[in-house]
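# Summary of the model geometry
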Amino acid sequence: MSDALAGLYQEVILDHSKRRIGFGELDHFDAMHFERNPTCGDEITLQLALEPGTDRISALGWRGAGCSISMASASVLAEMAPGMTIAELQSTIAEFREMLRSRGAGEPDIDILGDAVAFHGVSKFVMRVKCAMLAWVATEACIAETSSRQTS
Amino acid sequence: MRRLEVVPSLVHGVSVSPLSDLEVASIRADFPALGEFVNGQPLAYLDSGATAQRPLAVLDAERDFLLHSNAAVHRGAHTLAALATEAYEDARATVADFVGASPAEIVWTSNATDALNLVAYGMANASHGRGGPAARRFALGSGDEIVITEAEHHSNLVPWQELAAVTGASLKYVPVRDDGTWTADDAAAVITERTRLIAFAHVSNVTGYVAPVSDIVALAHAVGALVVLDACQSAPHRRLNLVELDVDFAAFSGHKMGGPNGIGVLYGRADLLDALPPFRTGGSMINTVTMEGSDFLPAPQRFEAGTQPVSQAVALAAAVRYLESVGLDRIDEHENALAQRMLAGLADIPGIQVVGPAAGVTRAGLVSFDVVGVHAHDVGQYLDSRGIAVRVGHHCAQPLHRRLGLTATTRASAYLYTSTDDVDRFLAAVAEVRPYFGVDE
Ligand SMILES: Cc1ncc(COP(=O)(O)O)c(C=O)c1O
């Protein structure tokens, strides 16, 4: 089997693509966003809930259909995000995006990214970067929704 | 794996046999791109339905034209301009002959999508009164109906949606059955006295289904409706006589038949083309221009505004000659045999759901399928790691996929240069997909 393929489909990714942590709807949430990748048709509806009165994430819930990369990255994010503040989540997303744009260069920071470092191999497959970003982009939109509500 | 007995079948009443392995090997030698290595493996190119590889004869013809005769056509009095114009019009005659038409019935476009838009927007212009009394036959309004099928490629769907939206006509569609196919009876249930136009694919780019063109033409013409045939997946692969089929318009793309990008064909019955208002206007398509108004050249020039893709037209004619030298009936038979080999092989692999007509039914050389539990994108990635190029996604047919309850499928499509070895490697790799992704029965 080609090493590149093994680098793409890490155990962690294949495992998360089946476990789908956070799959389902939240009873209560503060923001919701639908995101679609028009080139491959992958889609996700993501909900973000904050601990009442704080800017700390209490839960991410999502539903969607797509490839193993997009489903696994949603699952990893839903596992990581609870407990983070919005600012922490934003910088984690920025770090994740930077890793995916690296085209395989550099070493991702496991302290910041945790299990999400498994997606480092995706950065060598330019056409799959959008798959890995799907849930993360949807989360950014949710964050924007909550903050616009707070400022308005 | 089950081996198929390949029985020579009857195409247009003549017994033809598929291409032999030796013949395919010699054809492959004409297509240098097939010798590429991908991820350390020899390329097995099974994405000709999206775009075909080009033979040296086509590359040479284009280069030869550019080296010796390149100029703008239908203008200028110098020698190269004359040579270019001659080559451009010779190419038109070659392509016309290829589909049983006369040169005046062949309009160069940039691709099939462009050709279909040319008809749709020409009709929209007619609906706004352009083109005078002769164009009234194309004018649509509320109460009129456009009919398509649920299986159409977006390029033969969205232009009609737009035409309906700007004219007030309604867009109706022939629903597909559970296997993605439809019949003349299904179409008869949708076509009414109010139907003004029916547009459908000769061969579906997803199911490989071959539409009953003559039956549909009879139904349409009985109510005075025009027939637009999307011949993208038929013209490159099977003998096509558009005049015998009696369709009113037809569209196909050069890049799917070994020709270049940026060149496509609109066929239109001569009397219709002469009456249809142009879609694009400007240089090269006019007769007299004053500051008050302009009148247009007859077809096909009236549809060819602006500086034309001349070397592409010349190269497309070379592609046509190449296909004819092999024989369209034999290409058709070869691809049908490959499709049956794929179907038989896929039937032996657990967890594969094939879309389209059942095995044994004549179909084009393409097979779309779902690998249960594995997304098509992952299937395609796995096959790519084995050097096998397939298409994944909705193949520009979202409504069809939605109807079949699938978001995406994997499609393997063959051409004259596809070998049984390509197909066998593809089948072996597909069999590995579910185990690799840990999906069990
Ligand atoms: C059936 C069918 N119709 C239309 C098209 C559009 O062709 P093009 O993109 O070359 O205009 C295609 C090719 O993708 C096709 O397969």
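Residues numbered from 1 in each chain as written. Chains lettered and ligands numbered in written order. Predicted model: local features only at pLDDT ≥ 70, side-chain atom pairs only at ≥ 80, totals over all residues. Heavy atoms only, no water.

For chain B, the name recorded in an unreviewed UniProt entry is Cysteine desulfurase, with Glaciihabitans tibetensis as its organism. You can read under Function (unreviewed entry) in the UniProt record for chain B the words "Catalyzes the removal of elemental sulfur and selenium atoms from L-cysteine, L-cystine, L-selenocysteine, and L-selenocystine to produce L-alanine." Under the UniProt heading Sequence similarities (unreviewed entry), the note attached to chain B is "Belongs to the class-V pyridoxal-phosphate-dependent aminotransferase family. Csd subfamily." (UniProt positions renumbered as here; feature names shortened; annotations may be inferred.)

Chain A appears in an unreviewed UniProt entry as Nitrogen fixation NifU-like protein from Glaciihabitans tibetensis.

### Remarks on the domain arrangement of chain B
All names here are of chain B. Under the domain assignment used here, chain B contains domain 1 (9-46 + 327-436) and domain 2 (60-324). Across the boundary between the two partners, domain 1 contributes 32 residues, which contact 33 residues of domain 2. Buried surface at the junction of domain 1 and domain 2, both sides included, amounts to about 2600 Å², of which 56% is carbon and sulfur. On inspection of domain 1 and its partner domain 2, the count reaches 3 salt bridges. Linking domain 1 with domain 2 are 19 residue pairs in polar contact (both at pLDDT 80 or more), by the criterion used here. Among the elements that line the side of domain 1 that touches domain 2, the one with the most residues is helix α13 (residues 398-404), at 6 residues. Residues of the side of domain 1 that touches domain 2, tallied by class, amount to 16 nonpolar, 9 polar and 7 charged. (Domains from an automatic or database assignment. Contact = heavy atoms within 4.5 Å. Buried area = accessible area lost by both parts, 1.4 Å probe. Salt bridge = Lys/Arg side-chain N within 4 Å of Asp/Glu carboxyl O. Polar contact = N/O pair within 3.5 Å; in protein donor to acceptor, adjacent residues only side chain to side chain. Helix = DSSP H or I, 4+ residues; strand = E, 2+ residues; numbered from the N terminus. Nonpolar A, V, L, I, M, F, W, Y, C, P; charged D, E, K, R; others polar.)

### So, the site of the ligand
Residue and element names in this part refer to chain B. Surveying the vicinity of the ligand reveals the residues Asn 111, Ala 112, Thr 113, His 153, Ser 155, Asn 205, Asp 230, Cys 232, Gln 233, Ser 253, His 255 and Lys 256. Thr 113 places a side-chain nitrogen or oxygen 2.5 Å from an oxygen atom of the ligand. Here Asp 230 contributes a side-chain N or O atom positioned 2.5 Å from a nitrogen atom of the ligand. Calculation on the ligand without its partners gives an accessible area of 390 Å², and the protein chains cover 89% of this total. When grouped by side-chain class, the residues that make up the shell around the ligand number 2 nonpolar, 8 polar and 2 charged. (Near = heavy atom within 4 Å. Areas by Shrake-Rupley, 256 points an atom, 1.4 Å probe, with all protein chains shown as cover.)

### A closer look at the sheet that holds strand β3 (residues 57-65) of chain A
Residues and elements named next belong to chain A. Spatial ordering of the open sheet is given by β1-β2-β3, a layout of 3 strands whose pairing is antiparallel. Lying at the two open borders of the sheet, with one neighbouring strand each, are β1 (31-36) and β3. Adjacent strand axes in the sheet meet at a mean angle of 15 degrees when their direction is disregarded. Pairing geometry for β1 and strand β2 (residues 43-50), over 6 bridges, is antiparallel. Paired with Ala 31 across the strands is Leu 48, a residue of β2. Helix-sheet contacts for helix α3 (residues 68-80) involve β2 and β3, and the interaxial angle to β3 is about 170 degrees. (Pairing = 2+ DSSP bridges. Axes fitted to C-alpha atoms, helices over the stretch in contact; angles between N-to-C directions.)

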